[in-house]
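Chain residues, written in single-letter form:
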Amino acid sequence: MKSLDIHKSEYLKQFKSQTYGRNLFRTQEEERLDAPNEECGIFGLYSDNDLDTFSLSQFGLFALQHRGQEACGISVLKDGKINNLKDEGLVLDVYKDIENPEAFMGNSAIGHTRYTTAGDKKKYNFQPFFAKNEYDQIILSIAHNGNLTNAKELKAELEAEGVVFRATSDSEVILRLIQKNLDLGLRGAIKATMEKIEGAYSVVGMTRNKFFAFRDFNGIRPLVLGAIDEKSYVVASESVALDAVGAQYVRDILPGEIVYTNESETGLHSYMVNDKGRQRICSFEYIYFARPDSTLENINVYEIREKSGEKIWEQAPVEADLVIGVPDSGVPAAIGFSKASGIPFRPVLIKNRYIGRSFIVPTQEMRERIVNLKLNPIISEIKGKRVVIIDDSIVRGTTSKRLVKILKEAGVKEIHFRSVSPPIIAPCYLGIDTPSKDDLISANMTTEELREYLGVDSLEFLSTDNLKEILGSSNHCFGCFTEEYPVAKGEEVELFS
């Protein structure tokens, strides 16, 4: 048997050239319904000199593809002019259709991979968003990850002042507020905007001569800073995007911080809007969202996931013959569970690496079969065995139930299910698309009722206290597990009609 260190190395290596897929048992429809879905990924690059911003932005956004697969967009600053392009599809598909790469080579670029949280799925909601002057020239462009909880009232205020909105996304509220306050200077405009908006936001942006990034006062959504050299800086949702462009990690952007360039001085400058910033980064970034080879707030994501497997073994030990992790997100925890328990880990769920996301089938029966095209078990390894299955979470329960069915049909003797997140009992209002509380199975069933529903021999969730212990503090958002949020959740209505 391969050592666990070799399994770990092979597992992480694959994401350097292939996109990261979280729970590959989910069909495309279930990724919308049976998972806490991606928020979005943002990327920004600035240099005093011209760079191949076309290629570098492509590499950075590809590394963030797991954070959004609906659409991709970029804005590039070239010779004092901002060029913008955005379209539906994956990063490589959008870039492939760019006929003139030279037009997107300059000294600064921002980009966005989109998953819808607020606003409908129309092209006018794709990012980056931009504002134009009276000469039809783009003067300001931003990309946003997160969700504003007071966007509806701010939009109404701005409309009353005569501001015209082009989209139905809360991100445009940020754009229009900055645009409205540009007479205060760029830093002043961003400060005035941050003092008005509430919720979760990490933002990168540019004007025709400046680059900037900023983060909300609770630091709920991640944002990291890196450097390619002394004159070239990178900002991104995750550190893997820095790795993809050859940048060195410098630090995380602080809660309530603005980083920016100006015309009179070289380099990147920092400004803290006030002293109210506190760290409350989303705990689910470590459990599920971030790529395992990312580092956020100086915490390595893979190590947290492996520790979660070790901890749930301590919390709920069981006798079994082998441990299985649901690719890709459940594998590190399965390796940790195996390390702590001594029960062998087996990567027996085999991925088809060439399958796309575009199957269109008319019946539920055929949609079910898509899962077996993505992942197929090695029956000889699990038949007649007692199996521990490790997954990152249980949301609606439909995917977990199908997984149990597949294992039973393969002849597994016993199935012990372990979730390395606590029970998800509440939706997120801060940039993650989760089902309503009525659709969250742990909000409506006891653990024993859920065990019977899934048809497993035992079921355990990692406790919230153990999650806090693994993370090393309580300075995170645990809202989906506790229904206690670092900011008021706002109205439970559509942001825009």
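Above this text is the structure in question.
All values derive from a computational prediction rather than experimental measurement.

Caption draft 1: Layout of unusual backbone geometry. Across the junction of Gln127 and Pro128, the peptide omega takes the value 5 degrees, indicating a cis bond. Mapped onto the fold, Pro128 is located in the loop between β4 (108–114) and β5 (129–132). Each neighbour pair has its own omega, and for Pro327 with Asp328 the value is -5 degrees, a cis peptide bond. By the element assignment, Asp328 lies in the loop between β17 (322–325) and α11 (331–341). In this model, Asp136 sits at a positive phi of 65 degrees, which is unusual for a non-glycine residue. Inspection of the secondary structure puts Asp136 in the loop between β5 and β6 (138–148). Its relative accessible area of 54% is what places Asp136 among the exposed residues. Unlike most non-glycine residues, Asn298 shows phi in positive territory, near 65 degrees.

Caption draft 2: Looking closely at the sheet that holds β4. The sheet built from seven strands is open, its strands ordered β3-β2-β4-β1-β10-β9-β11 with antiparallel pairing. A strand with exactly one partner marks an edge of an open sheet, and here the two such strands are β3 (81–88) and β11 (248–252). Here the average twist between neighbouring strands, direction ignored, is 15 degrees. Strand direction decides the pairing type here: strand β2 (residues 71–78) and β4, joined by seven bridges, are antiparallel.

Caption draft 3: Spatial organisation of the nonpolar core. Counting residues in each nonpolar core, the largest one holds 74 residues, and the members touching the most others are Phe43, Tyr95, Phe284, Tyr286, Phe337, Ile390 and Phe481. Beyond its immediate sequence surroundings of up to four residues, Tyr95 is in contact with Phe54, Ser57, Gln58, Leu61, Cys72 and Ile74. Grouped together as the second largest cluster of nonpolar side chains are 29 residues, Ala189, Phe217, Tyr260 and Val273 included.

Caption draft 4: Broad picture of the packing of aromatic side chains. If you walk through the whole model with that rule in mind, you get 12 aromatic pairs. Their ring planes at 25 degrees and their centres at 6.1 Å tell us that Tyr46 and Phe211 sit as a pair that is stacked. Of this pair, Tyr46 sits in strand β1 (residues 40–47) while Phe211 sits in strand β8 (residues 211–215), and the two are 165 residues apart along the sequence. A relative accessible area of 11% means that Tyr46 is categorised as buried. By relative accessible area, which is 0% here, Phe211 ends up buried. Plain terms: the ring middles of Tyr201 and Phe214 are 6.0 Å apart, the flat faces sit at 65 degrees to each other, and that makes the pair edge-to-face. Of this pair, Tyr201 sits in strand β7 (residues 199–207) while Phe214 sits in strand β8, and the two are 13 residues apart along the sequence. Considered together, Tyr201 and Phe214 belong to a single accessibility category, that of buried residues.

Caption draft 5: View of the packing of helix α1 (residues 4–13) against α11. The N-to-C vectors of α1 and α11 enclose an angle of 175 degrees; their axes lie 11 Å apart at closest approach. Viewed along their axes, α1 and α11 adopt a mutual orientation that is roughly antiparallel. Here Leu4, His7, Lys8 and Tyr11 of α1 lie close against α11, whose contacting residues are Val331, Pro332, Ile335, Ser338 and Lys339.

Rules behind the numbers
Residues numbered from 1 in each chain as written. Predicted model: local features only at pLDDT ≥ 70, side-chain atom pairs only at ≥ 80, totals over all residues. Heavy atoms only, no water. Helix = DSSP H or I, 4+ residues; strand = E, 2+ residues; numbered from the N terminus. Buried < 20%, exposed > 50% of the residue type's maximum accessible area, 1.4 Å probe, protein only. Pairing = 2+ DSSP bridges. Axes fitted to C-alpha atoms, helices over the stretch in contact; angles between N-to-C directions. Core = buried A, V, L, I, M, F, W, Y, C linked by side-chain atoms within 4.5 Å. Contact = heavy atoms within 4.5 Å. Phe/Tyr/Trp six-rings, centres within 6.5 Å; stacked < 30°, edge-to-face > 60°. Parallel < 35°, antiparallel > 145°, perpendicular 65-115°, else oblique.

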